[in-house]
Structure formats: structure tokens, C-alpha cells
Amino acid sequence: MPTEPNRAPHRLQMPSMKTIILGVGASVVVASCAPDVAFAQDGRAPSRPEYVEPRVCSAAEAVSEVALSPTSGLAGQFAFIVRGWGRDGGRIFLNSQADYRDAGTLTVALSGPAAEALAGQTGGSLDQLVGRTIVATGVARRVRINLTYNGRATEYFYFQTHVPVSRANDLR
């Protein structure tokens, strides 16, 4: 009677705990920014999809999601209370934290017509925006900020999360 050849036991490849934790964390953050799904009264999904208004992400949700996938960014609407602001040339920056260098800060970077419209609405005094809630539409991405000393670039840098806005109607 022929015998079966020796076979090595099969080993299942298990993902590392790091992979599992990151996978679960990413799904939680993505789900928190996703639109709510409408279900029928009996708990079943409706036969025809209903339109549901997309949910607005907070600054913390946006920063967390962008940190998990720094190359792709996060498209959507982002709402936060303005805690600080700044100018650089013709650009205006509205920050979700008083310290714009804080890693948890979401910054709306206005340029072109959007910056001009905002400056016109506020009469040039952006202090009146502090404490107000804004909603910006765009793509949140990590941006590398290089530090300079006496006008020269240094080897030091940090990252901010920016939502660039160039159209006035993308900010309310």
C-alpha cells in the first residue's frame, strides 16, 4: 500500500498586532467621517438608496485620518472653532488651535480670491474670527514646514495638516 509523502504542516500567516490595531483604528476614523446610512423602520436596508447629507468632520477627526494615510489626504467638509490665525504674504491661515505648530491643529490655508473675500468681509481685522465656527470644503493633507534661521533653510521641520482653499464659496 503506497504511503503518503511527508508533508510539512501548513502554517497560517497571522497579521501582526500592529497591523490589526492600525486596521481597526483606520476603520473607526473612516467610519466616523462617513455619511450616515438610512435604514428602514424594520432595520433592513432600503431597496433604493436614499440621499444622505455628508457629515462634516471635526478638526480632530481630520488630523487623525490624515496621519493614518499621509499621502492620500482626506476630501470633505471640515468644521472647527477658530482659535488662532496668521498671514504670510497674500495667504491667510485659520487654525483650530491657538498654537499653529501643535500636531493636532487643522489649518485652513486661504489664498487668492478666498483670502481677498475674507479680508474684505472682516475689514482686514481677522481677530473677530477667533471664537467663531467655520466650515471649509477641500482636501486635508499633511504639509511639511521647513524651519528657517536668518532667512536660510535649516535641517529642521515639522508637519501641519492643511485644507487649502482658493475659492471663496468653499469657506463659510
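The rules behind these values
Residues numbered from 1 in each chain as written. Predicted model: local features only at pLDDT ≥ 70, side-chain atom pairs only at ≥ 80, totals over all residues. Heavy atoms only, no water. Helix = DSSP H or I, 4+ residues; strand = E, 2+ residues; numbered from the N terminus. Buried < 20%, exposed > 50% of the residue type's maximum accessible area, 1.4 Å probe, protein only. Contact = heavy atoms within 4.5 Å. Areas by Shrake-Rupley, 256 points an atom, 1.4 Å probe, with all protein chains shown as cover. Salt bridge = Lys/Arg side-chain N within 4 Å of Asp/Glu carboxyl O. Phe/Tyr/Trp six-rings, centres within 6.5 Å; stacked < 30°, edge-to-face > 60°. Pairing = 2+ DSSP bridges. Right-handed = clockwise from strand over helix to strand, strands pointing away.

Student: Hey, could you run me through the overall build of the protein in this one?
Tutor: For the protein, the count of helices and strands is 3 helices and 7 strands. Its helices and strands in sequence order give the protein the pattern α-β-α-β-β-β-β-α-β-β, from N to C terminus. Per-residue burial for the protein yields a buried fraction of 27% across its 172 residues. Residue pairs in contact within the protein that sit at least 24 positions apart in sequence constitute 55% of those at least 6 positions apart. On the protein, roughly 12100 Å² of surface is accessible, and the fraction owed to carbon and sulfur atoms is 55%.

Student: When you look at the pattern of salt bridges in this model, what are you seeing that I'm missing?
Tutor: Pairs can form between side chains of opposite charge whenever their charged atoms are close. If you walk through the whole model with that rule in mind, you get 3 salt bridges. Ionic pairing is found between Arg91 and Asp88, a salt bridge with its closest N-O pair at 3.1 Å. Classification of Arg91 by relative accessible area gives partly exposed; the value is 38%. We classify Asp88 as partly exposed; its relative accessible area is 45%. Put simply, Asp170 and Arg167 hold a salt bridge, and the shortest N to O gap is 3.0 Å.

Student: It is not clear to me how the packing of aromatic side chains should be interpreted in this structure. Could you clarify?
Tutor: The relative placement of two aromatic rings is captured by the distance of their centres and the angle of their planes. Within this structure, the stated rule accounts for 1 aromatic pair. Plain terms: the ring middles of Phe157 and Phe159 are 5.7 Å apart, the flat faces sit at 85° to each other, and that makes the pair edge-to-face.

Student: Can you walk me through the pairing of strand 2 (residues 74-81) in this structure?
Tutor: Note: strand 1 (residues 57-58) against strand 2, 2 bridges, orientation parallel. Following the sheet pairing, Ser58 is matched in strand 2 by Ala79. Where the polypeptide runs from strand 1 across helix 2 (residues 59-68) and back to strand 2, its parallel neighbour, the crossover connection is right-handed.

Student: Would you mind going over the environment of Arg83 with me for this structure?
Tutor: Here Arg83 shows up in the loop between strand 2 and strand 3 (84-88). Its relative accessible area of 44% is what places Arg83 among the partly exposed residues.

Student: Whenever I open this one, the pairing of strand 5 (residues 106-110) confuses me. Can you help?
Tutor: Within a regular strand, the side chains alternate between the two sheet faces. Within strand 5, 5 of the 5 residues are buried, which leaves the element mostly enclosed by the surrounding structure. Residues of strand 5 alternate between two faces, with Leu106, Val108 and Leu110 on one and Thr107 and Ala109 on the opposite face, all of them buried. Where strand 4 (residues 91-95) lies against strand 5, 4 bridges are found, and the strand directions are antiparallel. Residue pairing for strand 5: Phe93 is matched across the bridge by Ala109.

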